[in-house]
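These are the residues of each chain, in order.
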Amino acid sequence: MNMIIPALALLLGAASPDTCVHMMNAVRDGDADKVQSLIDEGADVNCTVPPFGYSPLMWAASEGQTRIASVLIANKADIGYRNANGSCAFLIACEKGNAAIMEMLLQGKVDINRANSDGNTGLMLASRRGYADIVTKLIALKADVNLRNRTGWSALMEASAEGRTEIMQQLISAKSQIGIRDAIGNSCLMWASMNNRIDAVRLLLANGADVNAANERRLTPYKVAEAKGYKEIADTLRKAGGK
C-alpha cells in the first residue's frame, strides 16, 4: 500500500478495507482515472474510514478535487451522507472554500441550510473562514442568514469576530440581524471589540449596532476594549456613546 499523508493516516484505521484505502489515496493524489478504475473494479463509492467516517466525496470536498468529486457523484456517491459529527461534503466544501464542489453538490439538491452537529451551516463556516465568493453564492441562493448554531452564533457574528468586513457587508445587506446575542449575551459588536477588529466595529456602528449592549456579566463592548487595552476601539466606542 502506498504511503499516505499524515492527515489521512489519522483517518485510516488498520481495519479499513484495502479498496477504501486505495480510493482515499487516489482522491488525495488527484487521480480521477484511478478512482474510476477502482469503482469499475467494484470499490464502494460510499466507503468510509474511521475514526471520523469520511467518505471519498467528503475527502474530495476537503482537498478541492473537483474532477474527482464529479466522478464520484456520477457514480452515485451519496451526497447527503453525514459522518458522526453531522458533517457532509457540502459543509466541508463551504468550510474549505471549494466553491466549484459546493455548487456541484447544491445541484444535487443538498439542503442549503444543512447544519452539522454544532448547528453550523455552510454560510456560517464560509463566513468564519472568509470565503466571500461562497457567501455571495449562498446568499444568492437564499441561504438563511439568521440561523444560529448551538451557542447562538450567526454567520454575521462569525464574520464580526474574525473582522471579515466584506462578508459582514454582504450579510448586513441580506438583512442579517445585527443585534443578535450569543448564549451568554455577547453581541456582534462585543465580539468584534474583544478581538480587536476595528474595521468590523466601525461597520457595525455605522449600521446601527447598540454600542452599550451588555452581556450576562454586564460588560459592554467599551468596557471590554478598555480593559484589553484596545485604545483605538475604546475611543471609537466612547465617541459613539459607549460606556
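For the structure given in this document, a descriptive report is provided here. (Residues numbered from 1 in each chain as written. Predicted model: local features only at pLDDT ≥ 70, side-chain atom pairs only at ≥ 80, totals over all residues. Heavy atoms only, no water.)

At lysine 109, a residue that is not glycine, the phi angle is positive and equals roughly 75 degrees. Position of lysine 109 among the secondary structure elements: in the loop between helix 7 (99-107) and helix 8 (122-129). Residue class for lysine 109 comes out exposed when judged on its relative accessible area of 73%. The backbone of lysine 175 sits at a positive phi, close to 75 degrees, despite the residue not being glycine. Within the secondary structure, lysine 175 sits in the loop between helix 11 (165-173) and helix 12 (188-194). (Helix = DSSP H or I, 4+ residues; strand = E, 2+ residues; numbered from the N terminus. Buried < 20%, exposed > 50% of the residue type's maximum accessible area, 1.4 Å probe, protein only.)

In this section: the nonpolar core. Core analysis: the largest hydrophobic core is formed by 83 residues, its most contacted members being Val35, Leu72, Phe90, Leu123, Leu138, Leu171 and Leu237. Beyond its immediate sequence surroundings of up to four residues, leucine 138 is in contact with Phe90, Cys94, Met102, Leu106, Ile112, Gly122, Leu123 and Ala143. (Core = buried A, V, L, I, M, F, W, Y, C linked by side-chain atoms within 4.5 Å. Contact = heavy atoms within 4.5 Å.)

For helix 2 (residues 18-29), with 12 residues, the first-to-last C-alpha span of 16 Å sits near the 16 Å given by 1.5 Å per residue. Among all positions in helix 2, only Cys20, Val21, Met23, Met24, Asn25, Ala26, Val27 and Arg28 are buried. Note on helix 2: the residue one or two positions beyond its end, glycine 30, has a positive phi of about 70 degrees. (Expected span 1.5 Å × (residues − 1).)

This next bit is on the packing of helix 9 (residues 132-140) against helix 11. Contact geometry for helix 9 and helix 11: axes closest at 10 Å, N-to-C directions at 5 degrees. Between helix 9 and helix 11, the crossing angle belongs to the class labelled roughly parallel. Side by side, helix 9 and helix 11 meet where Ala132, Val135, Thr136 and Ile139 of the first sit next to Glu166, Ile167, Gln170 and Leu171 of the second. Here the residues of the contact of helix 9 with helix 11 are counted per class, giving 5 nonpolar, 2 polar and 1 charged. (Axes fitted to C-alpha atoms, helices over the stretch in contact; angles between N-to-C directions. Parallel < 35°, antiparallel > 145°, perpendicular 65-115°, else oblique. Nonpolar A, V, L, I, M, F, W, Y, C, P; charged D, E, K, R; others polar.)

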